[in-house]
Amino acid sequence: MPNRPYVVGNWKMNGSRAMLAEARAIDRAAGRYPDVQVALAPPFTMIGAIREAVSAMGVGGQDCHFQAKGAHTGDVSASMLVDSGADFVILGHSERRKDHGESDQLVRAKAEAAVAAGLGVIVCVGETLEERDAGGAESVVSGQVDGSLPQGENIGDAVAGGRVSVAYEPVWAIGTGRVADVPDVVAMHAAIRARIIALYGENGQKVRILYGGSVNAGNAADLLSAAGVDGALVGGASLTADAFLPIIAAAGNGEA
Ligand code: 13P
């Protein structure tokens, strides 16, 4: 992997103060694998507490609004995430695209706001099973990359600095235990890389492309060593240190 591997846990709508011990244990593991960039995205309510409890890993949000402040009840802005101790944000997850009707255009606006606030971004893309079965996986995902990634004047530095990442998460592989075949992952990551280079030029090599969808201790080594896979975005298996550590170790080519 030419880029530093990036292993990110997405806690989704899970997590309470009772789970701080898990975050600390994950942080200790992150300290043992300095060649791997490890991060957790807990719910908003946990960002501050986890930030104070850890030192070696990143802490991020799972969404932000595209505006800095204002009359948007229930929403949180990118600068608020920074204020609470976050250093990155996951955007355009398929669960948000589905549950909240988020379009590529909205995800892009959020990503641009997040970069402007100084956050790293992980922009999620991925096809549904119907789209894959109809032979449309590559074109759907290419369209999402073109439409959702941040663009504009101030994006170049973030791209060059490795603060823009893409997560390829086939919707049918999320939370199902059904992981994508490695050759398919390699093909999709290559297609995504081509679109990223078209958008950003050669600097686009610095954009890390993570795989997400039923990553666990048993399949992490195969996925993380596949061509073009720069890391993993992990849901269920990031909720406990016991489940997450072997994935971090696999990214570091070591034993847990
Ligand atoms: P699972 O690892 O639980 O399949 O979730 C993947 C995901 O959606 C991470 O963002």
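In this report, the structure presented in the accompanying data block is examined. Since this is a predicted model, take the numbers as computed values, not measurements.

## Some details on the pattern of salt bridges
One pass over the structure, following the stated rule, counts 12 salt bridges. A salt bridge links D63 to K110, with the nearest nitrogen and oxygen atoms 2.7 Å apart. Of this pair, D63 sits in the loop between strand 3 (58–61) and helix 3 (78–84) while K110 is found in helix 5 (residues 104–116), placing the two residues 47 residues apart along the sequence. There is no split in this pair, since D63 and K110 are both buried.

## So, the site of the ligand
Surveying the vicinity of the ligand reveals 13 residues, the closest of which are K12, H93, G175, S214 and G236. At 3.0 Å from an oxygen atom of the ligand is found a side-chain nitrogen or oxygen belonging to N10. The backbone of G236 places a nitrogen or oxygen atom 2.9 Å from an oxygen atom of the ligand. The residue inventory of the shell around the ligand, partitioned by class, reads four nonpolar, seven polar and two charged.

## A short note on the layout of surface pockets
In this structure, the largest pocket encloses a volume near 420 Å³. Looking at the largest pocket, it is lined by 18 residues, and the ones nearest its centre are K12, M13, Q62, R96 and H100. Per-element tally for the lining of the largest pocket: the top contributor is helix 4 (residues 94–99), with three residues. Among the residues forming the lining of the largest pocket, the class breakdown is six nonpolar, six polar and six charged.

## Focus: helix 5
Between its first and last C-alpha, helix 5 extends 18 Å over 13 residues, near the 18 Å set by a 1.5 Å rise per residue. Among the residues of helix 5, V107, K110, A111, A113, A114 and V115 are the ones counted as buried. With its phi angle positive at about 95°, G118 sits one or two positions after the end of helix 5.

## Here's the deal with the side chain of Q62
Relative to the assigned elements, Q62 resides in the loop between strand 3 and helix 3. Within the structure, Q62 has its side chain in polar contact with the backbone oxygen of A41 (distance 3.0 Å). In this structure the side chain of Q62 is engaged in a polar contact, spanning 3.2 Å, whose partner is the backbone oxygen of P42. When neighbours within four sequence positions are excluded, Q62 is seen to be in contact with N10, W11, K12, M13, A41, P42, P43, V89, I90 and R96.

## A short note on the packing of aromatic side chains
Applying the stated criterion across every chain, the model contains two aromatic pairs. Relative to F88, the ring of Y6 lies with its centre 6.5 Å away and its plane at 70°, an arrangement referred to as edge-to-face. On the criterion of sequence distance, the pair formed by Y6 in strand 1 (residues 6–10) and F88 in strand 4 (residues 88–91) is long-range, its members being 82 residues apart. The pair formed by Y6 and F88 is uniform in burial state, with each residue classed as buried. Sitting above the plane of the Y6 ring, R208 keeps its charged end 4.4 Å from the centroid.

## Description of the sheet that holds strand 1
On the basis of which strands lie adjacent, the closed barrel formed by eight strands has the order 1-2-3-4-5-6-7-8 and parallel pairing. For this sheet, the mean inter-axis angle between neighbouring strands, taken without regard to orientation, is 25°. Bridge count for strand 4 against strand 5 (residues 120–125) is four bridges, and the pairing is parallel. Counterpart to V89 in the pairing with strand 5 is V121.

## Considering empty space enclosed by the protein
A complete count under the given rule lists one cavity of 30 Å³ or more for this structure. In this structure, the largest cavity spans a volume of roughly 40 Å³. Considering the residues around the largest cavity, the lining is formed by G92, H93, S94, R97, C124, V125, G126, E169, V171 and I174. Listing elements by their share of the lining of the largest cavity, those giving two or more residues are helix 4 and strand 5. Classifying every residue of the lining of the largest cavity by side-chain character gives four nonpolar, four polar and two charged.

About the thresholds
In this convention, every chain numbers its residues from 1, walking through the sequence in written order. Reporting of local features is limited, given that this is a predicted model, to residues whose pLDDT is at least 70; pairs of side-chain atoms are given and counted only at 80 or more, and all residues count toward the totals for whole chains, interfaces and linings. Calculation of side-chain values draws on the structure's entire complement of heavy atoms; hydrogens and water are dropped beforehand. Each reported salt bridge corresponds to a side-chain nitrogen of Lys or Arg within 4 Å of a carboxyl oxygen of Asp or Glu. A run of DSSP states H or I qualifies as a helix once it reaches four residues; a run of E qualifies as a strand once it reaches two. Both are numbered from the N-terminal end. Exposure categories follow from relative accessible area, calculated using a 1.4 Å probe and restricted to protein chains: below 20% of the type maximum is buried, above 50% is exposed, and the middle band is partly exposed. Proximity is defined per residue: if any heavy atom of the residue lies within 4 Å of a molecule or strand, that residue is considered near it. Under this definition, polar contacts are N or O atom pairs within 3.5 Å; protein pairs additionally need one hydrogen-donor-capable and one acceptor-capable atom, and for neighbouring residues in sequence, both atoms have to be side-chain atoms. Think of it as three bins: nonpolar holds Ala, Val, Leu, Ile, Met, Phe, Trp, Tyr, Cys and Pro, charged holds Asp, Glu, Lys and Arg, and polar takes everything else, Gly as well. The definitions used throughout rest on a 1 Å grid laid over the protein atoms alone, on which a cavity is an enclosed set of points accommodating a 1.4 Å probe that cannot get out and a pocket is an open set flanked by protein within 12 Å on both sides along at least five of seven lines; lining residues are those having an atom within 4 Å of a point. Grid points are joined across faces, edges and corners, and a volume is the space filled by probe spheres set on the points. One less than the number of residues in a helix, times 1.5 Å, gives the span that helix is expected to have. Contacts between residues were defined by any pair of non-hydrogen atoms, one from each residue, lying within 4.5 Å. In this analysis, rings of Phe, Tyr and Trp, with Trp reduced to its six-membered ring, are considered paired at centre separations within 6.5 Å, and the interplanar angle assigns stacked below 30 degrees, edge-to-face beyond 60, and tilted for intermediate values. We call a charge positioned above a ring when the Lys NZ or Arg CZ atom is no farther than 6 Å from the ring centre and deviates by at most 35 degrees from the ring normal. By definition, two strands form a pair when at least two bridges between them are found by DSSP. Axis definition: a line fitted to C-alpha atoms, over the contacting stretch in the case of helices. Angles run 0 to 180 degrees between N-to-C directions.

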